[in-house]
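# A structural walkthrough
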Amino acid sequence: MGRIAIVGAGIGGLTAALALAREGFSVEVLERAAVLEEVGAGIQLGPNASRILIRLGLAERLAPVVVVPEGMDVRSGRSGDTILSAELGDAVAARYGAPWWVVHRGDLQAALAEAAREDRSIQLRTGAAVSAVTEVAGGIAVATGDGDCLADAVIGADGVRSAVRRALGDGSGPVFRRRTAWRATLPVADAPRALRGRRLGLWLGPNAHVVHYPLRGGAAVNVVAFVEDGAPMEGWSGPGEAADLMSRFAGWAGPLRDLLAAAPGWTRWSLADRPVWFGPGQGAATLIGDAAHAMLPFAAQGGAMAIEDAAVVARLAAGRRDDLAGAFRAYEQARRGRVKAVQQLAARNGAIYHLTGPMAFARDTAMRLMGGERLVARQDWIYRFGA
Ligand SMILES: Cc1cc2nc3c(=O)[nH]c(=O)nc-3n(C[C@H](O)[C@H](O)[C@H](O)COP(=O)(O)OP(=O)(O)OC[C@H]3O[C@@H](n4cnc5c(N)ncnc54)[C@H](O)[C@@H]3O)c2cc1C
């Protein structure tokens, strides 16, 4: 007993591979992409996620690519006035015993893949698109374009359009949530001077919001503008026209418009989530990350939940080596309520961030009264995970 196939070398799949290898399992990771190239943009990792990566021994490897933001400023998109500020650097480290990180998804994936390649218990196979998962005598057969892989158990970590989820019996797909994310990365020298600091910015306005933060040691700025749209794009992501985006932010504060105008190019992502589903509830197969519970990015926790899943599934598998099906059921039970709650929080935040008129005024007033420290503390239930 002890050979586990993981489908997908994204954040969740690679973290699970490392966590399972630490527990003595032999792991084969099957990744569709021929090369792990830079996909995505910046992501935030709260202390619940950084704590796990640090425990896996990745702190030194990640140090050159992560930034610890000093604080966060929530602003009115129209006036540019600061609604509240929160400290994130030392304050978060002191409160949670782990840092708040921002990192390019590609840099994080590259660091995880490098650690996986150095681990003799992990075999990372690229160019291996999984199309079927079948229970056979002696284990589970995972079919790829270039041959089957036979394992004792399989973990689907293949993202929001998971083939493993389909193979395990869920024929549904992602649910478009009428939001599009426009993402760009620009050299810090091109950003307006007022927005160049090591701080996270959140700008709230009618039917839209913007998030920005430093990346790559502060050399770059990551910008994501969220707007409302009636239908998903063909293929779910693709390039976006700057003029189109700028027209959506007509009337917003000058520094924010300057930041948007400085971006060299935009990629759009139609945003979707999926009902929480870990699999049919039998056999030695389960799902982690977006495959199980893709969520909207408005709690900045999708990747973090994949990392938590990875840690939990590895711990429970280690406790039941001869009964991986049982370990997976325990994992699913342990995770279901939490990921559902975070998914719901993300959807709620998305609605609150885009309020208009008197409701927006009430939101801003409530936020001012709450202040930054309490805003962060309200997420204790998320950030204290595993502390
Ligand atoms: C605009 C935006 C902002 C975000 N911001 C944040 C944030 O601030 N913080 C945060 O924590 N999260 C954030 N997220 C979410 C985060 O990016 C995802 O939740 C996270 O990447 C999910 O990780 P995963 O490993 O489950 O899937 P993925 O990272 O999608 O990886 C899936 C992997 O599986 C591979 N694959 C797919 N199909 C197959 C197949 N058939 N066979 C083999 N391999 C396959 C893919 O090539 C990929 O490598 C954001 C998302 C968006 C869209």
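A brief look at the structure comes next. (Residues numbered from 1 in each chain as written. Predicted model: local features only at pLDDT ≥ 70, side-chain atom pairs only at ≥ 80, totals over all residues. Heavy atoms only, no water.)

### Looking at the overall build of the chain
Definition in use: Secondary structure elements follow DSSP: runs of H or I of four or more residues count as helices, runs of E of two or more count as strands, with numbering from the N terminus. Only the C-alpha atoms count toward the radius of gyration. The rule for a globule is 2.2 Å times the residue count to the power 0.38. When accessible area is computed with a 1.4 Å probe and restricted to protein chains, residues below 20% of their type maximum are described as buried, those above 50% as exposed, and intermediate ones as partly exposed. In this analysis, two residues are considered to be in contact whenever any of their non-hydrogen atoms come within 4.5 Å of each other. Note on areas: Shrake-Rupley with a 1.4 Å probe; residue coverage comes only from the protein chains shown. Here the positive residues are Lys and Arg and the negative ones are Asp and Glu; neither His nor the chain ends is included. Lysine's charge is taken at NZ, arginine's at CZ, aspartate's at CG and glutamate's at CD.
A count of helical and extended segments in the chain gives 13 helices and 18 strands. Taking 2.2 N^0.38 as the reference for a compact globule, 387 residues should give roughly 21 Å; the C-alpha atoms of the chain span a radius of gyration of 21 Å, in line with that estimate. The C-alpha extent of the chain, read off along each of the three principal axes, is 65 × 45 × 35 Å. Counting the 387 residues in the chain, one finds 56% classified as buried. Within the chain, contacts between residues separated by at least 24 positions form 74% of all contacts whose residues are at least 6 apart in sequence. As displayed, the chain has an accessible area near 15600 Å², and 51% of this comes from carbon and sulfur atoms. In the chain, the 43 positive side-chain charges and the 38 negative ones have mean positions that sit 5 Å from each other.

### Brief notes about the packing of aromatic side chains
Heads up, the rule is: Centres within 6.5 Å are what make two rings of Phe, Tyr or Trp a pair, Trp counting through its six-membered ring; a difference in plane orientation under 30 degrees is then read as stacked, over 60 as edge-to-face, and the rest as tilted.
Summed over the entire model, instances satisfying the criterion amount to seven aromatic pairs. With a centroid separation of 5.4 Å and an interplanar angle of 65 degrees, the aromatic rings of Trp100 and Tyr383 are classed as edge-to-face. Taken together, the residues Trp100 in the loop between α4 (90-96) and β6 (101-104) and Tyr383 in helix α13 (residues 380-383) connect sequence positions 283 residues apart. Accessibility classification places Trp100 together with Tyr383 in one group, the buried group. Ring geometry for Trp182 and Trp266: centres 6.4 Å apart, planes at 70 degrees, overall edge-to-face.

### A look at unusual backbone geometry
With a phi angle near 50 degrees, Arg216 is a residue other than glycine that sits in the positive phi range. By secondary structure assignment, the location of Arg216 is in the loop between β14 (208-215) and β15 (220-228). A positive phi angle, close to 70 degrees, is found at Trp236, a residue other than glycine. With respect to the helices and strands, Trp236 occurs in the loop between β15 and β16 (237-240).

### As for the sheet that holds strand β11 (residues 153-156)
Our working rule: A strand pair is defined by DSSP finding two or more bridges across the two strands. Only the stretch in contact is used when fitting a helix axis, every axis being a line fitted to C-alpha atoms; angles between N-to-C directions are given from 0 to 180 degrees.
With respect to topology, five strands assemble into an open sheet ordered β7-β2-β1-β11-β18, the strand pairing being parallel. Each of the sheet's edge strands pairs with one partner strand only, and the pair in question is β7 (122-125) and β18 (285-287). Looking at each pair of strands side by side, their axes are set apart by 15 degrees on average, direction ignored. By the bridge criterion, four bridges tie strand β1 (residues 3-7) to β11 in an arrangement that is parallel. Considered in β11, the bridge of Ala5 is made with Val154. Of the strands in this sheet, β1, β2 (26-30), β7 and β11 touch helix α1 (residues 11-22), which is tilted by about 165 degrees from β1. The strands that helix α11 (residues 324-353) touches are β1, β11 and β18; relative to β18, the one it contacts most, it runs at about 25 degrees.

### Description of the site of the ligand
Under the convention used in this document: Proximity criterion: a residue is near a molecule or strand once any of its heavy atoms comes within 4 Å of it. By the criterion applied in these results, polar contacts are pairs of N or O atoms within 3.5 Å in which, for protein atoms, one can donate a hydrogen and the other can accept it, and in which residues neighboring in sequence qualify only through two side-chain atoms.
Near the ligand you find 31 residues, and of these Gly12, Glu31, Gln44, Arg105 and Asp290 are the closest. At 2.6 Å from an oxygen atom of the ligand is found a side-chain nitrogen or oxygen belonging to Glu31. Interatomic distance of 3.0 Å between a backbone N/O atom of Arg32 and a nitrogen atom of the ligand. Within the complex, the protein chains bury 88% of what would otherwise be the 1000 Å² of accessible surface of the ligand. Secondary-structure elements contributing two or more residues to the shell around the ligand are α1, β3 (42-45), α5 (105-118), β12 (175-187) and α10 (302-319). Broken down by element, the shell around the ligand gets its largest block of residues, three residues, from α10.

### Overview of the environment of Ile140
By the element assignment, Ile140 lies in strand β9 (residues 139-144). You can call Ile140 buried: its relative accessible area is 6%. Considering only alpha carbons, one finds Ile140 and Ala5, 135 residues apart in sequence, at a separation of 8.9 Å. Look past the residues within four positions of Ile140 in its chain and what remains in contact with it is Val133, Thr134, Glu135, Cys149, Leu150, Ala151, Asp152, Ala153, Val154, Ala284 and Ala285.

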